[in-house]
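Take a look at the letters that make up each chain.
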Number of protein chains: 2
Amino acid sequence: MKTPSSLDFLAEALRRLPGIGPKSAQRIAYHLMQHDRDGAAMLGRALTEAVERIHHCASCNTFTENEICETCLDPERDAALLCVVETPADQLMIEQTLTYKGMYFVLMGRLSPLDGIGPRDIHLERLMRRATDGVVQEVVLATNFTNEGEATAHYISETLKARGLKVSRLARGVPVGGELEYVDAGTIARAMLDRRST
Amino acid sequence: MKTPSSLDFLAEALRRLPGIGPKSAQRIAYHLMQHDRDGAAMLGRALTEAVERIHHCASCNTFTENEICETCLDPERDAALLCVVETPADQLMIEQTLTYKGMYFVLMGRLSPLDGIGPRDIHLERLMRRATDGVVQEVVLATNFTNEGEATAHYISETLKARGLKVSRLARGVPVGGELEYVDAGTIARAMLDRRST
Ligand SMILES: [Zn+2]
Ligand SMILES: [Zn+2]
């Protein structure tokens, strides 16, 4: 007896999701085929469309369906301020505080030598070009306050200060070891207002 | 600032997977777009294909890409024996014991009045027609040894015996409260050999 090949293929593909082992992959595949074919079809379309449409903003590196994202095109924003975050989720958190009206650069990661993630992987060369465009006056480092986020902020800070830029870091209102995505907006708001030069 | 709509749609669709909340859905969406676009594209294709190709065997009700599954078409199998299981995963476990060479009927569930799952939902009318085809001599009940599986076996047993069929149940070598899928093949093999009339 063999499992139908398209069901095997589905279970195999589900294992590409983080944290899904072979047994759960099989259970999810059965569940979808038995109880939620609409959900399966919808997820199939969503994945195909996202892969086709989503890429990185040529300016800030966040996810966008356009060449340049809406935030980068917004004429109301202060082009002299550039906030550096690890992920689009962190960017979203900062936007929700309503305390920041500058531009962004999204690293899409953090330095992590143990995982083999170096300056190239977080696009530091592009960040340097972006920060030294002559318009940016201050770079606000809003990487996480974890060991890796702090090391990333330190590395970027040293590199940018060497080129004469003003660099600040969110104030330590954010709990040490905390990840921005899980911190309440009020704390991030205070940390944004209290940001300090580094 | 807005998340690109195809990324929002992807996060929303990921929530259709069992056990995925809004926060993990967003993280998985970001993860796929950033680190595994090939995996996302592959999963998208797998879902679309499975929804198109997978349906239920007209004879045994298991998942198949054909009208009738390979097991049902296999002339080597003993058509006088019909084993009733809850899921295709349970069927696979029994196949792996190599102790059973009869046919199957897959309920795709179990009776569960509290969840509103009644005889119709587990296709009992089809099972009755299948079991009373004149060829089947004995029905082996291999539902799980959980409360719901036992109640399902009892219900099916009463119905079939009322029609004069011989009905047996896997012997209680399977631990009480155990789910077949997580029991070792040796235990299931013994239970199959020791099956008893009910
Ligand atoms: Zn942008
Ligand atoms: Zn079949």
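Residues numbered from 1 in each chain as written. Chains lettered and ligands numbered in written order. Predicted model: local features only at pLDDT ≥ 70, side-chain atom pairs only at ≥ 80, totals over all residues. Heavy atoms only, no water.

- As annotated in an unreviewed UniProt entry, chain A carries the name Recombination protein RecR and is attributed to Noviherbaspirillum suwonense.
- Recorded under Function (unreviewed entry), the UniProt text for chain A is reproduced unchanged: "May play a role in DNA repair. It seems to be involved in an RecBC-independent recombinational process of DNA repair. It may act with RecF and RecO." (UniProt positions renumbered as here; feature names shortened; annotations may be inferred.)

A short note on the overall build of chain A
Here's step 1: A count of helices and strands for chain A gives eight helices and seven strands.
Here's step 2: In terms of principal-axis extent, the alpha carbons of chain A reach across some 70 × 35 × 35 Å.
Here's step 3: In chain A, buried positions account for 53% of the 198 residues.
Here's step 4: Pairs at least 24 apart in sequence give 55% of the contacts found in chain A among residues at least 6 apart.
Here's step 5: Here chain A holds 23 positive side-chain charges and 27 negative ones, and the gap between their average locations is 4 Å. (Helix = DSSP H or I, 4+ residues; strand = E, 2+ residues; numbered from the N terminus. Buried < 20%, exposed > 50% of the residue type's maximum accessible area, 1.4 Å probe, protein only. Contact = heavy atoms within 4.5 Å. Lys, Arg positive; Asp, Glu negative; His and termini not counted. Charge placed at Lys NZ, Arg CZ, Asp CG, Glu CD.)

As for the pattern of salt bridges
Here's step 1: Counted according to the given criterion, the structure contains 14 salt bridges over all chains.
Here's step 2: Two residues, B:Asp36 and A:Arg16, come together in a salt bridge whose shortest N-O distance is 2.9 Å. With one member in each of two chains, B:Asp36 in the loop between helix 2 (22-35) and helix 3 (37-53) and A:Arg16 in the loop between helix 1 (5-14) and helix 2 (22-35) form a pair that bridges those chains.
Here's step 3: Take B:Asp36: its relative accessible area is 12%, and that puts it in the buried class.
Here's step 4: A salt bridge links A:Glu95 to A:Arg77; the shortest N-O distance between them is 2.7 Å. Here A:Glu95 is found in helix 5 (residues 88-97), whereas its partner A:Arg77 is found in the loop between helix 4 (70-73) and strand 3 (78-85), with 18 residues between them in sequence.
Here's step 5: On the basis of relative accessible area, A:Glu95 is assigned to the buried category, the value being 12%. (Salt bridge = Lys/Arg side-chain N within 4 Å of Asp/Glu carboxyl O.)

Comments concerning the coordination of the zinc ion (ligand 2)
Residue and element names in this part refer to chain B.
Here's step 1: Coordination of the zinc ion (ligand 2) by the protein involves Cys57 (SG), Cys60 (SG), Cys69 (SG) and Cys72 (SG), with metal-donor separations of 2.3 Å.
Here's step 2: For the zinc ion (ligand 2), the four donor atoms are set out with angles of 105 to 118° between them, so the coordination reads as tetrahedral.
Here's step 3: Ordering the donors of the zinc ion (ligand 2) by residue number gives the pattern C-x2-C-x8-C-x2-C. Neither Cys57 nor Cys60 differs from the other in exposure class; each is buried. (Donors = N, O, S within 2.8 Å, 3.2 Å for Na, K, Ca; no water. Tetrahedral: all angles 85-135°; square planar, octahedral: opposite > 155°, others 65-115°.)

Here we look at the sheet that holds strand 3 (residues 78-85) of chain B
Residues and elements named next belong to chain B.
Here's step 1: With respect to topology, five strands assemble into an open sheet ordered 4-3-5-6-7, the strand pairing being mixed. Each having just a single partner strand, strand 4 (102-106) and strand 7 (196-197) make up the two edges of the open sheet.
Here's step 2: Of the pairings in the sheet, the one linking strand 5 (residues 138-141) to strand 6 (residues 166-169) comprises four bridges and is parallel in character. Looking at strand 6, one finds that Leu141 is bridged to Arg169. (Pairing = 2+ DSSP bridges.)

Things to note about the coordination of the zinc ion (ligand 1)
Residue and element names in this part refer to chain A.
Here's step 1: Coordination sphere of the zinc ion (ligand 1), protein contribution only: Cys57 (SG), Cys60 (SG), Cys69 (SG) and Cys72 (SG), at 2.3 Å.
Here's step 2: Coordination at the zinc ion (ligand 1) comes from four donor atoms whose angles at the metal span 104 to 120°, giving a geometry best classed as tetrahedral.
Here's step 3: Within one chain, the residues serving as donors to the zinc ion (ligand 1) are arranged as C-x2-C-x8-C-x2-C. Here Cys57 is found in the loop between strand 1 (55-56) and strand 2 (63-64), whereas its partner Cys69 is found in the loop between strand 2 and helix 4, with twelve residues between them in sequence. Each of the two residues, Cys57 as well as Cys69, counts as buried.

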